[in-house]
Amino acid sequence: MKVYESPTQLSQEQALALPRESRASDWHGAPLPIPLSWSIALDPHALWFVCTLPGGGRSSSTPGTFVEGLWEEDVAELFIKSPSGVYQELNIAPSGAWWSMTLTDYRVRSEVAQRPHLLSLSTFVDGESWNVVVSLARSTMEVPVSPDSFLHVSGMWYQPQPYYLSSRPAPGEAPDYHHLECFERVVMLPVPASA
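Residues numbered from 1 in each chain as written. Predicted model: local features only at pLDDT ≥ 70, side-chain atom pairs only at ≥ 80, totals over all residues. Heavy atoms only, no water.

**Student:** Got a minute to help me understand the state of the cysteines in this structure?
**Tutor:** Two cysteines joined by a covalent bond between their sulfur atoms form a disulfide. Enumeration over the complete set of coordinates arrives at zero disulfides. The thiol of C51 is unpaired, and the distance to the nearest cysteine sulfur, on C182, comes to 15 Å. Judged by relative accessible area, which is 0%, C51 ranks as buried. Assessed through its relative accessible area of 0%, C182 is described here as buried. (Disulfide = S-S within 2.5 Å. Buried < 20%, exposed > 50% of the residue type's maximum accessible area, 1.4 Å probe, protein only.)

Next up, the structure:
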């Protein structure tokens with residue numbers, strides 16, 4: 001999975017202008033009206049995650065709050081896994097609520113997980129889709145993004161039944177965003193001059 005690296009601090013506008021990767025079908029192969037699309041970037045201070053998903057209408061959480069269970073409504077998710085298998089999950093709701101957890105093994109939560117420092121978070125619903133732009137302080141991420149990392153982008157869309165969105169669904173498996181086969185190795189790239 002592509003991660004853009006900038007030697008200088010990025011703005012929200014620059015993060016939004018980065019090239020996107022996308023997936024036009026859900027976990028089960030059904031076409032999506034709006035593809036799941038994303039970009040991930042690092043600047044000297046921040047990890048940036050930009051994502052567009054279908055939906056955005058189901059979100060009852062309070063804006064700006066840190067709250068678990070966001071996956072029970074529309075949500076965008078980023079998973080970052082280290083070579084050791086430790087991984088960090090980040091969830092963002094259309095309302096702007098967010099949550100993070102570090103896991104020491106498959107679905108095993110760290111007993112001493114630290115909350116990363118949120119630098120900025122913007123969400124906006126645009127017709128049949130919604131967008132998130134979030135930046136987190138790299139120094140506070142328990143699992144950093146590096147050339148040795150593995151990433152997975154996912155989300156939920158309720159219409160009203162759940163659609164499971166994944167950058168890389170595990171073949172032949174029931175939806176499980178923690179599955180090892182969902183993760184892709186990082187490919188570091190410079191930020192394009194046009195961004």
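Okay, back to it.
**Student:** What's the story with the packing of aromatic side chains in this structure? I'm lost.
**Tutor:** The geometry of an aromatic ring pair is captured by the separation of the ring centres together with the interplanar angle, meaning the angle of the planes. Applying the stated rule across the entire model yields eight aromatic pairs. Measuring from centroid to centroid gives 6.2 Å for F79 and F183, while their planes differ by 85°, and the two rings are edge-to-face. On the criterion of sequence distance, the pair formed by F79 in strand 5 (residues 75-81) and F183 in the loop between strand 12 (162-166) and strand 13 (184-185) is long-range, its members being 104 residues apart. For F183, a relative accessible area of 5% corresponds to the buried category. Just above the ring of F183 sits the side chain of K81; from NZ or CZ to the centre is 4.3 Å. The positively charged end of R115 is found above the aromatic ring belonging to F66, 3.7 Å away from the centroid. (Phe/Tyr/Trp six-rings, centres within 6.5 Å; stacked < 30°, edge-to-face > 60°. Helix = DSSP H or I, 4+ residues; strand = E, 2+ residues; numbered from the N terminus. Lys NZ or Arg CZ within 6 Å of the ring centre and 35° of its normal.)

**Student:** I tried to follow the pattern of salt bridges on my own but got confused; where do I start?
**Tutor:** Side chains carrying opposite charge are able to pair once their charged atoms draw close together. Counting across every chain of the model gives two salt bridges. In this structure, R109 engages E68 in a salt bridge whose closest nitrogen and oxygen atoms are separated by 2.2 Å. On the criterion of sequence distance, the pair formed by R109 in strand 8 (residues 108-109) and E68 in the loop between strand 4 (46-54) and strand 5 is long-range, its members being 41 residues apart. A relative accessible area of 41% places E68 in the partly exposed class. (Salt bridge = Lys/Arg side-chain N within 4 Å of Asp/Glu carboxyl O.)

**Student:** How should the nonpolar core be read in this particular structure?
**Tutor:** Note on soluble globular proteins: their nonpolar side chains tend to be buried together. Counting 29 residues, the largest nonpolar core has I40, F49, C51 and V153 as its most contacted members. Elements represented by at least two residues in this core include exactly strand 3 (31-42), strand 4, strand 5, strand 6 (87-92), strand 10 (129-137) and strand 11 (150-158). Ranked by the residues each element gives to this core, the list is headed by strand 3, at five residues. When residues no more than four places from it in sequence are discounted, the contact partners of C51 are R20, L36, S37, W38, A76, W130, N131, V132 and V153. Counting 16 residues, the second largest nonpolar core, distinct from the first, contains A93, Y158, Y177 and C182. (Core = buried A, V, L, I, M, F, W, Y, C linked by side-chain atoms within 4.5 Å. Contact = heavy atoms within 4.5 Å.)

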